[in-house]
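Descriptive structure summary
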Amino acid sequence: MRGVRSAIGVALLFSTLVHGQQRGAPAAQPPPAGQRGGGGRGRGAVQVMTLATSAWPDGGQIPTKHTQAGEEISPALTWSNVPEGIASFVLIAHDVDAAIGAGTDDILHWMLWNIPADATALPERVPRGAQLPDGTRQISATGPNYRGPGALASGPAHHYVFELFALDTTLDVPAVGASPPQTRAAVLAGMAGHVHGKAVYVGLFRRP
């Protein structure tokens, strides 16, 4: 579990930077796996939500059907302990072991934004499309769809981190017209200062 905790630490640091804390401030330590629900909101605090899937245990192996080695079906996800006054959610799924560029970014496997505030789940097999009927927008490194994990069999298993953010606003970021890295950067910039809740869920995968 040491590798899983390390990946979670990276994800939560990423989350901390998004909602505008100073780089020099110590990052909060996440609760142990399976205990990320609960938590309250003080002044300026970010409430800890619970994100879950029945497809695999937190920190466990992602089933083949959800990966590039299988059908590449997006997993069903649920969340709870949402703070009040939320306008939308953002979900970002990324491979923290796959640095790209100058090592300042990683592979984006799925990003959905403007998920409606009253949503508590995503169904399995979210359809392809830049904008879904409920207004949710989506993108990945390869298009407007979920991109399954694809770590090579020749190396170690990669950590795929799913991060859910609860915002007090919606984001005026189109899902078309820019590259995935540019769109991701625009979403992150729009999130700054608007995050009131967050949750993290981790899965491992290496091609068989």
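Described in the following lines is the structure provided in the data block. Keep in mind the model is a prediction, meaning the values are calculated, not measured.

Reading the values: the criteria
- As a convention, each chain's residues are numbered from 1 in the sequence order in which they are written.
- Where local features are concerned, this predicted model is filtered to residues with pLDDT of at least 70; where side-chain atom pairs are given and counted, the filter is 80 or more; whole-chain, interface and lining totals use all residues.
- Computation of side-chain values: all heavy atoms of the structure, hydrogens and water removed.
- To qualify as a helix, a DSSP run of H or I must reach at least 4 residues; to qualify as a strand, a run of E must reach at least 2; elements of each kind are numbered from the N terminus.
- Between buried and exposed lies partly exposed: a residue is buried under 20% and exposed over 50% of the maximum accessible area for its type, with that area taken using a 1.4 Å probe on protein chains only.
- A contact between two residues is defined here by any heavy atoms of the two lying within 4.5 Å.
- Here the Shrake-Rupley method, with its probe set to 1.4 Å, supplies the accessible areas, and only the displayed protein chains count as covering residues.
- At least two bridges found by DSSP between two strands are what make those strands a pair.
- Aromatic contacts are taken between Phe, Tyr and Trp rings whose centres are within 6.5 Å, Trp giving its six-membered ring; a plane angle under 30 degrees counts as stacked, one over 60 as edge-to-face, and the others as tilted.
- Basic side-chain nitrogens of Lys or Arg form a salt bridge, by our definition, when they fall within 4 Å of a carboxyl oxygen of Asp or Glu.
- To form a nonpolar core, buried Ala, Val, Leu, Ile, Met, Phe, Trp, Tyr and Cys residues must be joined to one another through side-chain atoms within 4.5 Å.

1. A closer look at the overall build of the protein chain
Along the backbone of the protein chain there are two helices and ten strands. For the protein chain, the sequential pattern of α-helices and β-strands runs α-β-β-β-β-β-β-β-β-β-α-β. Buried residues in the protein chain amount to 46% of all 208 residues. Taking as baseline every contact in the protein chain between residues at least 6 positions apart, the subset at least 24 positions apart corresponds to 76%. As displayed, the protein chain has an accessible area near 9800 Å², and 53% of this comes from carbon and sulfur atoms.

2. Description of unusual backbone geometry
In this model, N81 sits at a positive phi of 60°, which is unusual for a non-glycine residue. Structurally, the position occupied by N81 is in the loop between β4 (77-80) and β5 (88-100). We note that N114 has phi near 60°; this positive angle belongs to a residue other than glycine. With respect to the secondary-structure elements, N114 resides in strand β6 (residues 105-116).

3. Some words on the sheet that holds strand β7 (residues 121-122)
Hydrogen bonding along the main chain pairs the strands of a sheet, whether they run parallel or antiparallel. One open sheet holds the three strands; their spatial order is β2-β4-β7, and the pairing between them is antiparallel. Strands with a single pairing partner mark the edges of an open sheet, and in this sheet they are β2 (50-52) and β7. Two strands pair when backbone bridges link them, and β4 and β7 are joined in this way by two bridges, in the antiparallel orientation. Following the sheet pairing, L77 is matched in β7 by L122.

4. Some thoughts on the packing of aromatic side chains
Applying the stated criterion across every chain yields a total of four aromatic pairs. Ring geometry for W79 against F89: centres 5.4 Å apart, planes inclined by 55°, an arrangement best described as tilted. In this pair, W79 sits in strand β4 while F89 sits in strand β5, placing the two residues ten residues apart along the sequence. Grouping aromatic residues by their ring pairs yields a cluster made of W56, F162 and Y201.

5. Side note on the pairing of strand β10 (residues 195-205)
Every other side chain in a regular strand lies on the same face of the sheet, so the side chains alternate between the two faces. Burial of β10 is extensive: eleven of the eleven residues sit out of reach of the surface. When strand β1 (residues 47-48) meets β10, the two strands line up parallel, connected through two bridges. Note that in β10 the partner of V48 across the bridge is K198. Pairing of strand β3 (residues 60-61) with β10, which is carried by two bridges, proceeds in the parallel orientation. Counterpart to G60 in the pairing with β10 is G203. Pairing geometry for strand β9 (residues 158-167) and β10, over ten bridges, is antiparallel. Bridge assignment links H159 to a residue of β10, and that residue is L204.

6. Details of the pattern of salt bridges
Applying the stated rule across the entire model yields three salt bridges. E124 is paired through a salt bridge with K65; the nearest N and O atoms lie 3.1 Å apart. Separated by 59 residues along the polypeptide, E124 in the loop between β7 and β8 (137-139) and K65 in the loop between β3 and β4 bring together distant segments of the chain. The exposure class of K65 is partly exposed, given its relative accessible area of 34%. Through salt bridges that share partners, D105, D106 and R184 make up one connected network.

7. Digging into the nonpolar core
Formed by 26 residues in total, the largest nonpolar core has its most connected members in L51, W79, F89, L91, W110, F162 and L164. Listed by contribution, the elements that provide at least two residues to this core are β4, β5, β6, β9 and β10. Counting residues in hydrophobic clusters, the runner-up holds 16 residues, among them L108, W113, F165 and M191.

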